[in-house]
Every structure is written in C-alpha cells, then in structure tokens.
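Residue strings, one per chain:
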Amino acid sequence: MVALAAASAAGAQGAAPDTFEARLNSLNNSGVTGSAFVALDSSNDELTVIIAAEGLEANQTHPQHIHGNDNASENATCPTLAQDSNSGDENDNQISVAEGRETYGPIILALEPFPTADNNGNVTYRQTFQLGEGDTPSVAQLQPLENRHIVLHGLTVGGQYIATRPVTCGQLIPRPQQDGQ
C-alpha cells in the first residue's frame, strides 16, 4: 500500500523529490509494525509523509513524529531496553518517551493531525506539509533526512493508555531514484 502511494506522490511533482522509506519496528513489546514513505520536494518546500501501521491500540489517537538529534550530522537510532533507566518502578522494562529521546532525539516535526487507529488497530496516514511556515521546520532543519526517524506513540500500560509511550520506530533510508523520477 505504501509503495503504491509513494509512486503517486513522487510522480505528482515536476522534478523528482528526494524519497525515503522506513520500516517501522515494534518498541515496548507493542507488536506494532508498519512502513513509512517520505518525499521531500525542496523546490516547493513540501514534505509528503505516508504511513501504514498495524497492531496499534484500536480506536485510540496515536501521536507520530519525525525525530532527530540536535546535531543533524549525528545519526538518530531507535531505542532498546538498554535505555530503560527507571527499573524498579511500575514501568520497568518499558522505554518511556524521555528514555527514547536519548537515542532518536527530540521532535523535529509533529505529523499532525494525529491519526486514530481503526477498530482493527490499523492506521493509514498521508499528509503534505508546507515547510518553513508557522511552526513547521524548514527544509534545512529537516536535513539530512537519512539521520531522522519516524516514531509512533500510544500504549496501554498498567491499565492506563499512555499516548506518549513509543510503540514503533524506524530510520528513514534513502530510496534509489527510479528511471523517470
């Protein structure tokens, strides 16, 4: 599904945008997986983001972001349980948003409006952002995109839904340009 949407997003512009993909892998034993496609059209200062994820908590809103380190040349990474520094409390063996930030960095772009998972825990999201307007970062602030990650949040812990709990993460990887793009 993401590949089809990616082709249409890339083909819709005159000049070929820089395109990236991310495989979204489960965090915090959430079982959430998916994929993301990002197309950066620097000539129009536009960023198109397409996400397809499954295994999310049904009928809940799931915040999602592009994250990256303050030092843009430093590659962000997805967290592991090694970042779980709050052992001994009720959230032991869980990576909190603060602990995840140590590896994937702060939010660079909130991918709003945040989607609500359907009855089966699936999300399909597509949004084009005009970069450099309002609170939206500029093209320069997003780059290099290959050092950035997509993170989705929202998990029930101890019977309480925590909208900030990271559930899946994936690094943006450049896609090779296809002939005609």
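Use the structure listed above.
Attention in this report is confined to the structure presented alongside it. The shown structure was predicted, so the numbers you read here are calculated from the model rather than taken from an experiment.

Some words on the overall build of the protein
- Each helix and strand in the protein was counted, giving 3 helices and 9 strands.
- Each helix (α) and strand (β) of the protein, taken in turn from the N terminus, gives the series α-β-β-β-β-α-β-β-α-β-β-β.
- Per-residue burial over the protein gives 46% buried out of 181 residues.
- Look at the contacts in the protein between residues 6 or more apart in sequence, and 67% of them connect residues 24 or more apart.
- As displayed, the protein has an accessible area near 8,600 Å², and 44% of this comes from carbon and sulfur atoms.

Structural notes on the side chain of Asn28
- Topologically, Asn28 is positioned in the loop between strand 1 (18-26) and strand 2 (33-41).
- Overall, Asn28 belongs to the buried group, its relative accessible area being 8%.
- Within the structure, Asn28 has its side chain in polar contact with the backbone nitrogen of Ile95 (distance 2.5 Å).

Quick look at the nonpolar core
- If you look at the biggest cluster of nonpolar residues, it comprises 30 residues, and the most contacted ones within it are Leu47, Ile51, Leu111 and Ile150.
- Contributing elements (two or more residues each) for this core: strand 1, strand 2, strand 3 (46-54), strand 5 (107-110), strand 6 (123-130), helix 3 (139-142) and strand 7 (149-157).
- Leaving out residues up to four positions away in the same chain, Ile150 has contacts with Leu24, Ala36, Val38, Ile51, His65, Ile66, Leu111, Thr168, Cys169, Gly170 and Leu172.

Some points on the pattern of salt bridges
- Scanning all chains against the criterion turns up 1 salt bridge.
- Between Arg175 and Glu21 there is a salt bridge, and its shortest N-O distance comes to 3.4 Å. You can see Arg175 sitting in the segment after strand 9 (173-174) and its partner Glu21 sitting in strand 1, a full 154 residues away along the chain.
- Judged by relative accessible area, Glu21 falls into the partly exposed class, the value being 35%.

Some thoughts on the pairing of strand 4 (residues 64-67)
- Covered by surrounding structure in strand 4 are Gln64 and Ile66 together with His65 and His67, the residues of both alternating faces.
- By the bridge criterion, 3 bridges tie strand 4 to strand 5 in an arrangement that is antiparallel. Across the sheet, the residue bridging to His65 is Ala110, located in strand 5.

Some remarks on the pairing of strand 8 (residues 160-171)
- Sheet topology note: the strand 1/strand 8 ladder contains 2 bridges and is antiparallel. Bridge pairing links Ser26 to Thr168 in strand 8.
- As defined by bridge partners, strand 7 adjoins strand 8 across 8 bridges and the pair is classed as antiparallel. Considered in strand 8, the bridge of Val157 is made with Gln160.
- Count of turn residues in the strand 7/strand 8 antiparallel hairpin: 2 residues, of which Gly158 carries a positive phi of about 60°.

Observations regarding the state of the cysteines
- For the structure shown, the criterion picks out 1 disulfide.
- Between the sulfur of Cys78 and that of Cys169 lies a disulfide, 2.2 Å long from S to S. Taking the sign of the torsion about the S-S bond as the criterion, the disulfide between Cys78 and Cys169, at about -90°, is left-handed. Of this pair, Cys78 sits in the loop between strand 4 and helix 2 (97-104) while Cys169 sits in strand 8, and the two are 91 residues apart along the sequence.
- Look at Cys169 and you get buried, because its relative accessible area is 0%.

Cut-off values and rules
Residues numbered from 1 in each chain as written. Predicted model: local features only at pLDDT ≥ 70, side-chain atom pairs only at ≥ 80, totals over all residues. Heavy atoms only, no water. Helix = DSSP H or I, 4+ residues; strand = E, 2+ residues; numbered from the N terminus. Buried < 20%, exposed > 50% of the residue type's maximum accessible area, 1.4 Å probe, protein only. Contact = heavy atoms within 4.5 Å. Areas by Shrake-Rupley, 256 points an atom, 1.4 Å probe, with all protein chains shown as cover. Polar contact = N/O pair within 3.5 Å; in protein donor to acceptor, adjacent residues only side chain to side chain. Core = buried A, V, L, I, M, F, W, Y, C linked by side-chain atoms within 4.5 Å. Salt bridge = Lys/Arg side-chain N within 4 Å of Asp/Glu carboxyl O. Pairing = 2+ DSSP bridges. Disulfide = S-S within 2.5 Å.

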